[in-house]
Amino acid sequence: MATMKSLRTGGVDKVEVVDVERPAPGPRDALVRIRACGICGTDVGFLHMGGMPARAHLGGEIVPVPLGHEPAGEIVEVGAEVADLMAGDRVVIDPTGHPSGLIGCGGAQGAMSEYLLVENAVIGQNVAVFPDHLPFAVAALNEPMAVARHAVNRSEAKPGDKVVVFGAGPIGLGAAIWLKLRGVEHVVVADVIPSRLEKALAVGADAVVNSAEEDVTTRLTELHGEAANALGQPRPGTDIYIDAAGAPAVFNAVIANAKWHAKLVMVAVQKKGSDIDLGGMLRSELTLVASQGYPTEIFEVTPELAEHHERFAKLISHRVPFDEAERAYELTLTPGAAEKVVVTFDE
């Protein structure tokens, strides 16, 4: 039996590398050698739990989770019935829609492994080929950048709009990039970490706000001009707010600043509930739009990721080899230590 190394949760805030059976492709499958895989906030959630609860009939105990759902790799073998894919193709993979479950999110497979089986491999459905000039580490951003792209698509931002993105993590910065590539006139990024704000400017944001040190209302009014809510009360002229932070303070800040017919797009997972000022929403007729995953965007982003790869590469703060995977996850678990960590496999 051929084996490979794979990474999974190993207890609370711990990971472990284990030897597992290397998958063999069936007639409609493709076997991919993983070359890079990003670490996501979802992984951190699994680590904090030490795994995930088993099904009820298993007693509900916490069981290990194979990690990794942001992969890029190279096809090494395809089944006899697979069309349009061949060994040597460089690919990104949709972690959803596999018979064995969500890759890296409770399914049987995790992409933080030497090899990954793409079940029922079909270009444009669960796999996409990318060009040779796109580095594997940057290609591994495909999945989170699809999340960011969906939020921007949901915002329906137009070139003349003025937009602020709260949260300068990978999703927020990705949203800022997509907004500028969409031709949006003015994009502001707000965060409390100076290094992240510097990164926001580096990837193309027009301005930044340190919400820990600056008055958000005053700063947004300076940047976007003055408007009003439905009662004529003065408000910044910001058209669209994107919440990529997931903090209750963001909701409160948006409601306090929203002009008449402003829009709030919620893409971040909310870390805890918040008392929402519904009266404030009424006074601005604020539209709340939720953005979940990437219903159509997972491969919509791939060609533009390749075209603008140098810009997207700036989102990666750390590239860590797979044999130092424990250090990679320690970086991710340590607040402020890293922005986006990508694990590489002999790239």
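The sections below set out a description of the structure shown in this document. (Residues numbered from 1 in each chain as written. Predicted model: local features only at pLDDT ≥ 70, side-chain atom pairs only at ≥ 80, totals over all residues. Heavy atoms only, no water.)

## Quick word on the packing of aromatic side chains
In this structure the tally under the stated criterion is four aromatic pairs. Ring plane angle 15 degrees and centroid distance 6.5 Å describe the contact between Phe166 and Tyr241, whose orientation is recorded as stacked. One end of the pair, Phe166, is in strand E10 (residues 162–166); the other, Tyr241, is in strand E15 (residues 240–243), and 75 residues separate them in sequence. Overall, the relative accessible area of 0% leaves Tyr241 in the buried class. Measuring from ring centre to ring centre gives 4.6 Å for Phe322 and Phe345, while their planes differ by 20 degrees; the resulting arrangement is stacked. Taken as a pair, Phe322 in the loop between strand E18 (318–321) and helix H11 (325–333) and Phe345 in the segment after strand E19 (341–344) lie far apart in primary sequence, 23 residues in all. (Phe/Tyr/Trp six-rings, centres within 6.5 Å; stacked < 30°, edge-to-face > 60°. Helix = DSSP H or I, 4+ residues; strand = E, 2+ residues; numbered from the N terminus. Buried < 20%, exposed > 50% of the residue type's maximum accessible area, 1.4 Å probe, protein only.)

## Things to note about the pairing of E10
Buried residues dominate E10, accounting for four of its five residues. Inspection of the sheet shows E10 paired to strand E11 (residues 186–191) by five bridges, in the parallel sense. Each bridged residue has a counterpart across the sheet, and for Val163 the counterpart in E11 is Val187. Read as a crossover between parallel neighbours, the route from E10 over helix H4 (residues 170–181) to E11 is right-handed. Looking at chain direction, E10 and E15 are connected through four bridges and run parallel. (Pairing = 2+ DSSP bridges. Right-handed = clockwise from strand over helix to strand, strands pointing away.)

## Some details on the sheet that holds strand E16 (residues 263–266)
Remark on secondary structure: sheet strands pair via backbone hydrogen bonds, oriented parallel or antiparallel. With respect to topology, six strands assemble into an open sheet ordered E12-E11-E10-E15-E16-E17, the strand pairing being parallel. Here the strands that pair on one side only, and so sit at the sheet edges, are strand E12 (207–210) and strand E17 (287–290). Going across the sheet, the axis of each strand differs from the next one's by a mean of 20 degrees, ignoring polarity. Inspection of the sheet shows E11 paired to E12 by four bridges, in the parallel sense. Of the residues in E12, the one forming a bridge with Val189 is Val208. Set on the sheet, helix H3 (residues 142–155) makes contact with E15, E16 and E17; between it and E16 the angle comes to about 155 degrees. (Axes fitted to C-alpha atoms, helices over the stretch in contact; angles between N-to-C directions. Contact = heavy atoms within 4.5 Å.)

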